[in-house]
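Read off the chains here:
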Amino acid sequence: FNNTYLYAFGGHRVTNPNYSKTSFERIKFSEMRSTTYWEDIEFDVGILEPENYISCIPINKQEIMIFGGQKNNYKFDDVYIYDVELNILIKDDDCPLKQADFFEMKNCIYTENKRKFIIAGAYYIHQFDREQRRWTILGKSIFHKYMTVHNLETAKTSRLQLHTL
């Protein structure tokens, strides 16, 4: 992010799929060759509910949008904004994903001079429009054929306002 840090939000161990990591970490690009030390991030404000299969994109020079994910047997439609400089996490209740999903593959395509981006989740292909601040579904993901093993329910999270955008 800003050519300074690489961020990691949540996750799980391949050797133990029942282990979920709820920590958030970053490492400086300039130190990646000389250290394996990841710095833990403790948010000054905010709590992220999903634990793994979360996806994210930088939305400007100060903020990262974090979305989707899963925890236990639930998939999420939540969207959060992480302000890197202020170190706060804001749940953005005004623009949740149109359908809850999680993201095993972290690939996205930017279109129209980065106005929109498209990302394939486990179930759907999602598009986000930065100007309208809205998500749309473009279709089913190719991965949905293999998702019967997961068969996750959509999380019914409370829409508590931590901060408003």
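Think of each chain on its own: its residues are numbered from 1, step by step along the sequence as written. Under the rules for a predicted model, residues below a pLDDT of 70 receive no local features and side-chain atom pairs below 80 are neither given nor counted, while totals for whole chains, interfaces and linings still include all residues. Calculated side-chain values reflect all of the structure's heavy atoms, with hydrogen atoms and water omitted.

1. Some thoughts on the sheet that holds strand E10 (residues 108-111)
- When DSSP finds two or more bridges between a pair of strands, those strands are recorded as paired. Numbered from the N terminus, helices here are DSSP runs of H or I no shorter than four residues, and strands are runs of E no shorter than two. An order of E10-E11-E12-E13 is seen for the four strands of this open sheet, with the pairing classed as antiparallel. Strands with a single pairing partner mark the edges of an open sheet, and in this sheet they are E10 and strand E13 (134-140). Sheet twist, expressed as the mean angle between neighbouring strand axes with direction ignored, is 20 degrees.
- Bridge count for E10 against strand E11 (residues 116-120) is four bridges, and the pairing is antiparallel. Paired with threonine 111 across the strands is lysine 116, a residue of E11. Every angle, taken between N-to-C directions, lies between 0 and 180 degrees, and every axis is a line fitted to C-alpha atoms, over only the stretch in contact when it is a helix.

2. Section: the confidence of the model for the chain
- Across the chain, pLDDT averages 77, with 73% of residues at or above 70.
- Within the chain, strand E14 (residues 153-154) has the poorest average pLDDT of any element, 62, and E13 the best, 93.
- Below a pLDDT of 50 lies the segment residues 158-165, which in the model reaches 20 contacts outside its immediate sequence neighbourhood of four places, other chains included. One number per residue, pLDDT, summarises how confident the predictor is, and it ranges from 0 to 100. Every residue pair with non-hydrogen atoms within 4.5 Å of one another is taken to be in contact.

3. Quick word on the nonpolar core
- Within the largest apolar cluster, 14 residues are counted, with the highest numbers of intra-cluster contacts made by Tyr7, Phe9, Leu48, Ile64, Ile66, Tyr82 and Leu89.
- Counting only elements with at least two residues in this core, the list comes to strand E1 (5-13), strand E5 (63-67) and strand E8 (79-83).
- Considering every element that reaches this core, the biggest residue donor is E1, with three residues.
- Filtering out sequence-adjacent residues up to four positions away, isoleucine 66 remains in contact with Phe9, Leu48, Ile54, Ser55, Cys56, Asp78, Val79, Tyr80, Tyr82 and Leu89.
- Among the nonpolar cores identified, the runner-up in size contains twelve residues, and Phe103, Ile119, Phe128 and Trp135 belong to it. For this analysis, a nonpolar core means a set of buried residues of the types Ala, Val, Leu, Ile, Met, Phe, Trp, Tyr and Cys, connected via side-chain atoms within 4.5 Å. Each residue is assigned to one of three classes by its accessible area relative to the maximum for its type, calculated with a 1.4 Å probe on protein chains only: buried under 20%, partly exposed between the two thresholds, exposed over 50%.

4. Thoughts on the sheet that holds strand E9 (residues 88-91)
- Strand order in this open sheet of four strands is E4-E5-E8-E9, and the pairing throughout is antiparallel. Among the strands making up the open sheet, the edge pair consists of strand E4 (55-58) and E9. This sheet shows a mean twist of 25 degrees between the axes of neighbouring strands, independent of strand direction.

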